[in-house]
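Residues per chain, in single letters:
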Amino acid sequence: MKDIAAALAAGIAALGASIGNGLVISKTLEGMARQPEVADKLRGTMFIGVGLIEAVPIIAIAIAFVILFV
């Protein structure tokens, strides 16, 4: 049961992060296409957002290891 719980935690977190990253990047590109003069600000904000989104699966992997080995 622990194995299934750890796999689900990691898998669902990875799926959610991939969807989130796709949405953030697509909306950023849409904003850059509409207003090229603010492309630099949008790009910086996008990288911060993507970094925060990527933290979620990393934390989920840590929780999965805790589930497995504790």
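In the nomenclature of an unreviewed UniProt entry, the chain corresponds to ATP synthase subunit c from the organism Companilactobacillus bobalius DSM 19674.

With that settled, the discussion passes to the overall build of the chain. The number of helices and strands found in the chain is 2 helices and 0 strands. Whereas a compact globule of 70 residues would reach a radius of gyration of roughly 11 Å, the chain reaches 16 Å, over 25% beyond that. Each principal axis of the C-alpha atoms in the chain carries an extent, and together these give about 50 × 15 × 5 Å. A burial count over the chain gives 20% of its 70 residues as buried. For the chain, the computed accessible surface area is about 5,000 Å², with 76% contributed by carbon and sulfur atoms.

So, on to helix H1 (residues 2–34). Look at H1: 48 Å from first C-alpha to last across 33 residues, which is about the 48 Å you get at 1.5 Å a residue. Considered for burial, the residues of H1 that qualify are Ala6, Ala10, Ala13, Ala17, Gly20, Asn21, Thr28 and Met32. Lining the buried residues of H1 we find helix H2 (39–69).

A few words now on the UniProt feature "domain: V-ATPase proteolipid subunit C-like" (unreviewed entry) in the chain. Feature annotation in UniProt assigns "domain: V-ATPase proteolipid subunit C-like" (unreviewed entry) to the following positions: residues 4–67. In residues 4–67, helix accounts for 94% and strand for 0%; the two terminal C-alpha atoms are 10 Å from one another.

The next point concerns the UniProt feature "transmembrane region" (unreviewed entry) in the chain. Here, UniProt's "transmembrane region" (unreviewed entry) annotation points to residues 46–69. Taken end to end, residues 46–69 has its terminal C-alpha atoms 35 Å apart, with 100% of it in helix and 0% in strand.

Inspection of the secondary structure assignment puts alanine 55 in helix H2. On the basis of relative accessible area, alanine 55 is assigned to the partly exposed category, the value being 30%. With 33 residues separating them in the primary sequence, alanine 55 and glycine 22 have C-alpha atoms 15 Å apart.

Rules and cut-offs
- Residues numbered from 1 in each chain as written.
- Predicted model: local features only at pLDDT ≥ 70, side-chain atom pairs only at ≥ 80, totals over all residues.
- Heavy atoms only, no water.
- Helix = DSSP H or I, 4+ residues; strand = E, 2+ residues; numbered from the N terminus.
- Rg over C-alpha atoms; globule rule 2.2 N^0.38 Å.
- Buried < 20%, exposed > 50% of the residue type's maximum accessible area, 1.4 Å probe, protein only.
- Areas by Shrake-Rupley, 256 points an atom, 1.4 Å probe, with all protein chains shown as cover.
- Expected span 1.5 Å × (residues − 1).
- Contact = heavy atoms within 4.5 Å.
- UniProt positions renumbered as here; feature names shortened; annotations may be inferred.

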